[in-house]
Amino acid sequence: MYGETSSWIGFVIAANEELVTIEHLSKYGRYDGIVTLKIIDIERIDIDDEICRSIHFLYHNKAELERLSKTYENSERNTGDFLAVLTECKEKNLICSVDTKELYLACFVIDVNFEEIHFLAIDEYGQKDGECFVKMEDINYVSCGRLQEMRRLLLYNIHYRI
């Protein structure tokens, strides 16, 4: 941790009494450059917490992320039809993101019809985060195939399916 809002996650590649150099990884487990920090500025070091385990898993499973990317890429492109996108995500068991007037969800679609959608929310670490029902008229946008959705699906799979 570096300040209240900054953190660096990765592998320590060099350290001395004054500085530490880290091979930084993005939240998607991808190489994100080299960071050198003053030891005195480090407020906290976390090891093997939920975010570190998640990024470590993604880092070591890049091929699976690429395979999943192809699955999403080959999905139908009914971008103007929420019902079609949600139905396809349900049928293919893919995570989508939904923005409503009151909340933002990354979720699986459990059931879908013209009036109401039943979702299973998935948190950023791939954990189940409750079920909810949303009226179709309250949905502002639906997306699928973005990195954040693939990340959550891979992490969900290690918790519940594999």
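This is a predicted model, so every value here is computed, not measured.

Engineer: Explain the pattern of salt bridges here, please?
Structural biologist: Two side chains that carry opposite charge are able to pair once their charged atoms sit near each other. Per the counting criterion, the structure on display carries eight salt bridges. Of the charged contacts, one joins D138 and K101 as a salt bridge, the two residues approaching to 3.5 Å between their closest N and O atoms. Taken together, the residues span a long stretch of sequence, with D138 in the loop between β7 (128-135) and β8 (139-144) and K101 in the loop between β4 (96-100) and β5 (104-112) at a distance of 37 residues. For D138, a relative accessible area of 22% gives the class partly exposed. R146 is the partner of E149 in a salt bridge, and the nearest nitrogen-oxygen pair spans 3.5 Å. Linked by salt bridges that have partners in common, D48, E50 and R53 make up one network.

Engineer: What is the right way to look at helix α4 (residues 147-161) in this model?
Structural biologist: Residues lying three or four places apart along an α-helix face the same way, a consequence of the helix completing one turn every 3.6 residues. With 15 residues, α4 extends 20 Å between its outermost C-alpha atoms, agreeing within 8% with the 21 Å of an ideal straight helix rising 1.5 Å per residue. For α4, the set of buried residues is Q148, E149, M150, R151, R152, L153, L154, L155, Y156 and N157.

Quick notes on the rules
Note that residues are indexed from 1 along each chain, following the sequence as it is written. In view of the model being predicted, local features appear only for residues whose pLDDT reaches at least 70, and side-chain atom pairs are presented and counted only at 80 or more, with totals across whole chains, interfaces and linings using the full set of residues. Note that water and hydrogens are dropped before the side-chain values are worked out from all heavy atoms of the structure. Whenever a carboxyl oxygen of Asp or Glu lies within 4 Å of a side-chain nitrogen of Lys or Arg, that contact is scored as a salt bridge. Under the scheme used here, helices are H or I runs from DSSP no shorter than 4 residues and strands are E runs no shorter than 2 residues, and both carry numbers assigned from the N terminus. The buried label goes to any residue with under 20% of its type's maximum accessible area, the exposed label to any with over 50%, and the partly exposed label to all in between, with areas taken from a 1.4 Å probe on protein chains only. One less than the number of residues in a helix, times 1.5 Å, gives the span that helix is expected to have.

By themselves, these figures tell us nothing about what the structure is for.
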